[in-house]
Amino acid sequence: MRRIALIGFGGVGQAFAAVLAERGEDLRREMGLDARIVAVSDPFKGAVYQEGGLDLRALSACVREKGSVDAYPEGPGVVRGLDSIATIQETAADTIVEVSPTLPGGEPSIGYCRAAFASGKHVITSNKGPAALGYAELSAAAKAVGAYFGIEGTVMSGTPSLWLGKAALAGNRISEIRGILNGTTNYMLTRMEEGLEYDDALGEAQQLGYAEAEPSSDVDGHDAQFKIVILAQHVLGVPLRLEQVQRTGIRDLTRKDVEAAVRAGSHWKLLARVEVDGSEVRASVGPVRVPSADALASVRGALNAITYQCDLMGPVTLVGAGAGRQETAFALLADLIRIEQRAATGRSLA
Ligand code: HSE
């Protein structure tokens, strides 16, 4: 049995619990994955632990109706009020799903991951901080204790962008990764092609919930910068730091620029890129006029896409959702399945 502690019980954490509640039986039957959430700890929604596994329907009903897990019913071995570190260190969970609210510097997520590995537990996180800023330290800490550091959800949510580069394309030499890794800006550029001004397109993206509350993270390219750093480290194995990525956002693009590009047979896209040339690594995030024939040019709306330039395979492009609660919950599940497969076979590529 795999025992999971959820650190953070916001939208993604709740969506993950809902997926396990809905699909738990299928996972057991089809792949022998008996996954139980044994603990939840959230600074706003409270904490509850039950070693044999929480009743997920009761758990989600408490949060839905009362906004907290405090009303979770009494039962054998129910323990309440453990903070996140105590939940990581003191419960019988073997896998920590870290989906806590995190700050730009990556804390408290990085500290939670560190504590989990120090306790010999696997970590799955959808927070970009640990994967971009703490990658070298945390992946070494995981390796030292034979634990898994699952970060699939940090880039393109559940669209398996990391798995594709690291596992499915293994055996190729990858010389370049380029992608549309931010849904907000791609949505805005698409709407500007359809005639909206920049501010109206941004307003729409905010209304639809694509943009961050502080849109600078999206429009100035910070979000995509984190993601290309994750790809470089995880897939290419190069120690790229945020400050090594040349970054420009889309603030200076107008509706007229975008329309002029379309008339000339191309599309403005915010591209994140990393290129490896011998020992040299170059990385950037910025607006690029992409010719219509390029697979990335036709990616519209909030969709994301990534192209791996491979020596044996040539360019391979993957298109899919880049965000969303259910989509990110799927990424967490995908990592959980990989942990199970690794436990069964003793090895894994991603
Ligand atoms: N605001 C981000 C986006 C969410 O628009 O892609 C996913 O990181």
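Remarks on the overall build of the chain
Here's step 1: Across its full length, the chain holds 13 helices and 13 strands.
Here's step 2: Since a compact globule built from 350 residues should have a radius of gyration of about 20 Å, the 21 Å found for the chain is in line with a globular shape.
Here's step 3: If one aligns the C-alpha atoms of the chain with their principal axes, the spans along those axes are about 70 × 45 × 35 Å.
Here's step 4: Put simply, the chain has 350 residues, and 55% of those count as buried.
Here's step 5: Accessible surface, the chain: about 15,100 Å² in total, of which carbon and sulfur atoms supply 50%.
Here's step 6: Here the chain holds 35 positive side-chain charges and 42 negative ones, and the gap between their average locations is 3 Å.

Comments concerning the sheet that holds strand β10 (residues 266-277)
Here's step 1: Spatially, six strands are ordered β9-β11-β10-β8-β12-β13 in an open sheet, and the strand pairing comes out mixed. What marks the edges here is a single partner per strand, and that holds for β9 (245-247) and β13 (314-320). Sheet twist, expressed as the mean angle between neighbouring strand axes with direction ignored, is 20°.
Here's step 2: Here strand β12 (residues 304-310) runs beside β13; their pairing, made up of seven bridges, is antiparallel.

Digging into the site of the ligand
Here's step 1: Taken together, Lys128, Asn182, Gly183, Thr184, Tyr210, Glu212, Asp218, Asp223, Lys227, Gly322 and Ala323 are the residues near the ligand.
Here's step 2: Between the ligand and the protein, one listed contact pairs a nitrogen atom with a side-chain N or O atom of Asp218 at 2.8 Å.
Here's step 3: Protein coverage of the free-state accessible area of the ligand, which is 260 Å², stands at 88%.
Here's step 4: Taken atom by atom, the bulk of the ligand overlaps the largest pocket.
Here's step 5: Taken together, the residues that form the shell around the ligand break down as two nonpolar, four polar and five charged.

A few points about the domain arrangement of the chain
Here's step 1: The assigned domain composition of the chain is domain 1 (2-158 + 326-345) and domain 2 (163-320).
Here's step 2: On a C-alpha basis, the centroid separation for the pair domain 1 and domain 2 is 29 Å.
Here's step 3: Taken residue by residue, the interface counts 14 residues in domain 1 and 16 residues in domain 2.
Here's step 4: Carbon and sulfur atoms supply 72% of the area buried between domain 1 and domain 2, which totals about 1,200 Å² over both sides.
Here's step 5: The interface formed by domain 1 and domain 2 holds one salt bridge in total.
Here's step 6: Asp223 is the salt-bridge partner of Lys128, the closest N and O atoms lying 3.1 Å from each other.
Here's step 7: Where domain 1 meets domain 2, there are four residue pairs in polar contact (both at pLDDT 80 or more).
Here's step 8: Where the side of domain 1 that touches domain 2 is concerned, the elements lending two or more residues are α5 (128-132) and α6 (135-145).
Here's step 9: Its residues assigned to classes, the side of domain 1 that touches domain 2 comprises nine nonpolar, two polar and three charged.

A closer look at the pairing of β12
Here's step 1: Across the seven residues that make up β12, a large majority, six, are buried.
Here's step 2: Bridging between strand β8 (residues 174-180) and β12 involves six bridges; their strand directions are antiparallel. Across the sheet, Glu176 pairs through a bridge with Gln309, a residue of β12.
Here's step 3: As consecutive antiparallel partners, β12 and β13 are separated by three residues.

Quick notes on the rules
- All residue numbers refer to positions counted from 1 along the written sequence of the respective chain.
- For this predicted model, a pLDDT threshold of at least 70 governs which residues receive local features, and a threshold of 80 or more governs which side-chain atom pairs are given and counted, while totals over whole chains, interfaces and linings are taken from all residues.
- Only heavy atoms go into the side-chain values, all of them from the structure, while hydrogens and water stay out.
- Helix numbers and strand numbers start at the N terminus; a helix is a DSSP run of H or I with at least 4 residues, a strand a run of E with at least 2.
- Only C-alpha atoms enter the radius of gyration, while the globule expectation follows 2.2 Å times N to the 0.38, with N the number of residues.
- Using a 1.4 Å probe on the protein chains alone, a residue whose accessible area is under 20% of its type maximum counts as buried, one over 50% counts as exposed, and one in between counts as partly exposed.
- Accessible surface area values rest on a Shrake-Rupley calculation with a 1.4 Å probe, where residue burial reflects the displayed protein chains alone.
- For the charge count, each Lys or Arg is scored as positive and each Asp or Glu as negative, with His and the chain ends excluded.
- To locate a charge, the coordinates of NZ of Lys, CZ of Arg, CG of Asp or CD of Glu are taken.
- Pairing between strands is defined by DSSP: at least two bridges between the two strands are required.
- Lines are fitted to the C-alpha atoms to define the axes, a helix being fitted only along its stretch in contact, and any angle between axes, read from their N-to-C directions, falls within 0 to 180 degrees.
- The rule for a residue being near a molecule or strand is that one of its heavy atoms must lie within 4 Å of it.
- Each polar contact in these results corresponds to two N or O atoms within 3.5 Å; when the atoms are within protein, one needs to be able to donate a hydrogen and the other to accept it, and residues that are neighboring in sequence are counted only if both atoms are side-chain atoms.
- Both cavities and pockets are sets of points on a 1 Å grid over the protein atoms alone; in a cavity a 1.4 Å probe fits but cannot get out, in a pocket the set is open with protein on both sides within 12 Å along at least five of seven lines, and lining residues sit with an atom within 4 Å of a point.
- Whether a molecule lies in a cavity or pocket depends on its atoms, and more than half of them have to be within 2 Å of the grid points.
- Three classes are used: nonpolar for Ala, Val, Leu, Ile, Met, Phe, Trp, Tyr, Cys and Pro, charged for Asp, Glu, Lys and Arg, and polar for all others, with Gly counted as polar.
- What counts as a domain boundary in this text is fixed by an automatic or database domain assignment.
- Residue contacts follow a heavy-atom distance rule, with two residues in contact if any of their heavy atoms lie within 4.5 Å.
- The quantity reported as buried area is the accessible area (1.4 Å probe) lost by two parts once they are put together, taken as the sum for both.
- Definition used for salt bridges: Asp or Glu carboxyl oxygen within 4 Å of a side-chain nitrogen of Lys or Arg.

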